[in-house]
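# Descriptive structure summary
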Amino acid sequence: MPFSRRALIQYTALWPFLGFALSPTGANGRANRLVIADEGGDRGLPAPFLHHKDGIGYLYTSYIFDTLIAQDRTGKLVGGLARAWQLSSDGLNCTITLRDNIRWHDGSPLTAKDVVFTVAYMAKHPYLFVSTVKIARAVALSANRLNILLREPDAGLLSGTLLNLPILPEHLYAGHASPERFTSGSALMGSGPYRFSGYDRAEGRYFFKGNTDYYRGDPLFDQMAIVTMGPDAALRAMRSGEVDLIPFLPYDRVTQARSMGFQVVTAASNHVVRLLFNNRNRFQDRDRRHALAFAIHRKALIETVRQGEAAPADTGFFQPNSPWGGDTALPTYAFDPQQAQTLLSKSGWSRDQHKRWCSDGEVIKLTLVTDTPLRREAVVVSEQLESIGLSVDVRILERTALREALRSGNFDLSLLSTSTMGDPSDLVRYLAGDFWNGDYFADSREMTALLEQQAQVVSLHQRKALLAKFQALYAYELPSYMLFNPTYATAHNHKIAPRFLPDGVAIGIPTSVHKSVLVG
């Protein structure tokens, strides 16, 4: 049945009385409920075509919908809906055996036909976070076996496509020609460890119930809530026992959280803040990109706006603890204003009597666009560039307007926060700008060729060697200048043991609250 606004308000109104009043553990020894404080607010409905276009929306959806391949608590690939898989030597055929007796949340059996349906459905209705273009078709061999036939070898089939692709129930999705309009309760019927039980869009609150028939083990919690709450209010709520976990605790609250007796887990996020150059306009010139890199004092930027809770990023795409990075030393572009000015002159720009940079006699005015979370960083970057004579107009845009500015090329520079984790099989699309926050960079055929090649080789060793070459080229070409790598922190109580994964969750989400830590 549809989740009406009235019903959702009722869910929300009752939760403080039904949820927070529960005892810490039930008769079975499991905690009765977990409450997560998420400052981000509304993430959309947790279903593949309904959640917001961000990693956390995908994460919440993953609690409800399962994939063929999963991750364990360390990030290692393990069986999800599939208990076994076999890839042919030519990389064009993958035979998958499903686990026995898996059921959808409505009690219907999950079979190979559901997987075949999902592949065909998402080919017709592309899902932002998973590309199925390399899959020619899927064929059911029996109730629990199927073949996935590929058009070309896909190095990321296991750690990308099959890890990320949420399987849909055919009996509920068949016939829905517009999945983004399929918003009834049936659209949120998955096979994962938690069932959807309520949502309040205005308040950004989500409610889940544990799926006691889950095939990978009992969910740790009978009930789970995600509520919108700022970090200070969340810490107070943790102290009173109303909140159990703050997944994204600001780093300047870490000491406070520990002093209150809470446990804190930290890790380099690998969700790097980067300066994107408009490579379709003024910054097609590599010398200009290099010049701005030398003009920015990254350590001063970190000290000013991040109070030390970040480290200068590696200038290649992947970061030091990534499983995809190489050992090649990369240029650091250490702060050097004189070198910056030399390179700008070399690129054809000149300075007027007021020491302002000009082109063809006109003062250059650079437009730097970003959104609200990075406004302080944008101001500091603009001040550093203005100190060498560049005029910068900072524009803080809403996310929709920012996307349009990037796609249309209506900017010179942009500050963005981007995950550098997850299987890199689609990285060539990121480089080309197929994703709204990509690099829009088409000048390096060599980089493109390396990314296309690594996406097809079956050997992991060969793949990493190709990616190491790409890494070095990226640091030299600088489609974007990687500025700093923030440290992420999670505060929690004794009920749960969150853990950050080296390559992120599924599509590369830098979170410690993946569903492996929510299952016993």
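Residue numbers here run from 1 along each chain, matching the order of that chain's written sequence. Local features are withheld for residues below a pLDDT of 70 in this predicted model, meaning they are given only at 70 or higher, and side-chain atom pairs are given and counted only at 80 or more; totals for whole chains, interfaces and linings count all residues. For the side-chain quantities, the full set of heavy atoms in the structure was used; hydrogens and water were omitted.

### Quick word on empty space enclosed by the protein
Going by this rule: A 1.4 Å probe that fits but cannot get out identifies a cavity on a 1 Å grid over protein atoms alone, an open set with protein on both sides within 12 Å along at least five of seven lines counts as a pocket, and a residue lines either if it has an atom within 4 Å of a point. Grid points are joined across faces, edges and corners, and a volume is the space filled by probe spheres set on the points. Numbering of helices and strands runs from the N terminus; a helix is a DSSP stretch of H or I covering at least four residues, while a strand is a stretch of E covering at least two.
Taken as a whole, this structure holds 2 cavities of 30 Å³ or more when the rule is applied. Considered as a void within the structure, the largest cavity measures approximately 190 Å³ in volume. Contributing to the lining of the largest cavity are 16 residues, with Ser62, Gln71, Val505, Ala506 and Lys515 lying nearest its centre. Of all elements in the fold, only helix 2 (55–62) and strand 2 (69–71) reach the threshold of two or more residues within the lining of the largest cavity.

### Concerning the pattern of salt bridges
Operational definition: Any Lys or Arg side-chain nitrogen found within 4 Å of a carboxyl oxygen on Asp or Glu counts as a salt bridge.
Taken as a whole and judged by the stated rule, the model has 23 salt bridges. Across the salt bridge formed by lysine 495 and aspartate 244, the nearest N and O atoms sit 3.2 Å from each other. Of the two residues, lysine 495 is situated in the segment after strand 21 (480–492) and aspartate 244 in the loop between helix 6 (231–239) and strand 11 (245–246); the sequence distance between them amounts to 251 residues. The closest approach of N and O atoms between arginine 253 and aspartate 252, which form a salt bridge, is 2.7 Å.

### Re the sheet that holds strand 5 (residues 93–98)
Put simply, the test is: In this analysis, strands are considered paired if DSSP registers two or more bridges between them. In this description, a line fitted to the C-alpha atoms serves as the axis of each element, helices being fitted only across the stretch in contact, and the angle between N-to-C directions of two axes falls anywhere from 0 to 180 degrees. The contact criterion used is simple: two residues touch if any of their non-hydrogen atoms lie within 4.5 Å.
Read from one edge of the open sheet, 4 strands run 4-5-7-6, paired in antiparallel fashion. Every other strand in the sheet has two partners, leaving strand 4 (82–87) and strand 6 (135–140) as the edge strands with one partner each. Adjacent strand axes in the sheet meet at a mean angle of 20° when their direction is disregarded. Pairing of strand 5 with strand 7 (residues 145–150), which is carried by 5 bridges, proceeds in the antiparallel orientation. Each bridged residue has a counterpart across the sheet, and for cysteine 94 the counterpart in strand 7 is isoleucine 148. Relative to the sheet, helix 3 (residues 112–124) contacts strand 5, strand 6 and strand 7, its axis offset from that of strand 6 by approximately 160°. Of the strands in this sheet, strand 4, strand 5, strand 6 and strand 7 are in contact with helix 4 (residues 157–164), which crosses strand 5 at around 50°.

### Here's the deal with the packing of helix 9 (residues 298–305) against helix 11 (residues 375–386)
Condition: Every angle not falling under 35 degrees, over 145, or within 65 to 115 is termed oblique; those three ranges are roughly parallel, roughly antiparallel and roughly perpendicular. Crossings are classed by handedness, with left-handed meaning an anticlockwise turn of the near helix from the far one by less than a right angle and right-handed meaning a clockwise turn. Asp, Glu, Lys and Arg are counted as charged, while Ala, Val, Leu, Ile, Met, Phe, Trp, Tyr, Cys and Pro are counted as nonpolar; the rest, among them Gly, fall into the polar class.
Contact pair helix 9 / helix 11: the axes reach a minimum separation of 10 Å and the direction vectors enclose 140°. In terms of axis orientation, helix 9 runs oblique to helix 11. For the pair helix 9 and helix 11, the sense of crossing is right-handed. Only Arg376, Glu377, Val380, Val381 and Gln384 of helix 11 make contact with helix 9, whose side of the interface consists of Ala300, Leu301, Thr304 and Val305. Tallied by class, the residues present in the contact of helix 9 with helix 11 amount to 5 nonpolar, 2 polar and 2 charged.

### A closer look at the nonpolar core
Note the following rule: Residues belong to a common nonpolar core when they are buried Ala, Val, Leu, Ile, Met, Phe, Trp, Tyr or Cys residues joined through side-chain atoms within 4.5 Å. Classification of residues uses two cut-offs on accessible area relative to the type maximum, computed with a 1.4 Å probe and protein chains only: under 20% is buried, over 50% is exposed, and between them is partly exposed.
In this structure, Tyr63, Leu68, Ile96, Ile148, Tyr173 and Leu518 are the most contacted members of the largest nonpolar core, which totals 69 residues. Ignoring anything within four residues of it in the chain, the contact list for tyrosine 63 reads Gly192, Pro193, Tyr194, Phe208, Met224, Ile226, Val513, His514, Lys515 and Leu518. Core analysis: the next-biggest nonpolar cluster, separate from the first, contains 37 residues, Val273, Leu292, Ile302 and Leu366 among them.

### Comments concerning helix 6
An α-helical turn contains 3.6 residues, so a residue and the one three or four places further along point in the same direction. For clarity, the cut-off: Picture the helix axis, draw a direction to every C-beta atom, and the arc is the one those directions span.
Every buried residue belonging to helix 6 is among Pro231, Ala234, Leu235, Ala237 and Met238, and all of these are buried. Down the axis of helix 6, the buried set is contained in an arc of 160°. They therefore lie on one face. Helix 6 presents Arg236 and Arg239 as exposed residues on the side facing more than 90 degrees away from its buried surface.

### Things to note about the packing of aromatic side chains
Threshold: Here the aromatic set is Phe, Tyr and Trp, taking the six-membered ring for Trp, and pairing holds for ring centres within 6.5 Å; pairs whose planes are under 30 degrees apart are stacked, those over 60 apart are edge-to-face, and all others are tilted.
The final tally for this structure, using the stated rule, is 23 aromatic pairs. Arranged with centres 6.1 Å apart and planes meeting at 35°, the rings of tyrosine 60 and tyrosine 63 form a pair that is tilted. Look at phenylalanine 317 and tyrosine 474: their rings are 5.9 Å apart centre to centre, the planes differ by 75°, and that puts the pair in the edge-to-face class. You can see phenylalanine 317 sitting in the loop between strand 14 (310–312) and helix 10 (337–346) and its partner tyrosine 474 sitting in helix 15 (residues 460–477), a full 157 residues away along the chain. Judged by relative accessible area, which is 4%, phenylalanine 317 ranks as buried. The buried category is assigned to tyrosine 474, whose relative accessible area is 1%. Taken together, the ring pairs connect Phe49, Tyr58, Phe117, Tyr121, Tyr127, Phe129, Tyr173 and Phe182 into an aromatic cluster.

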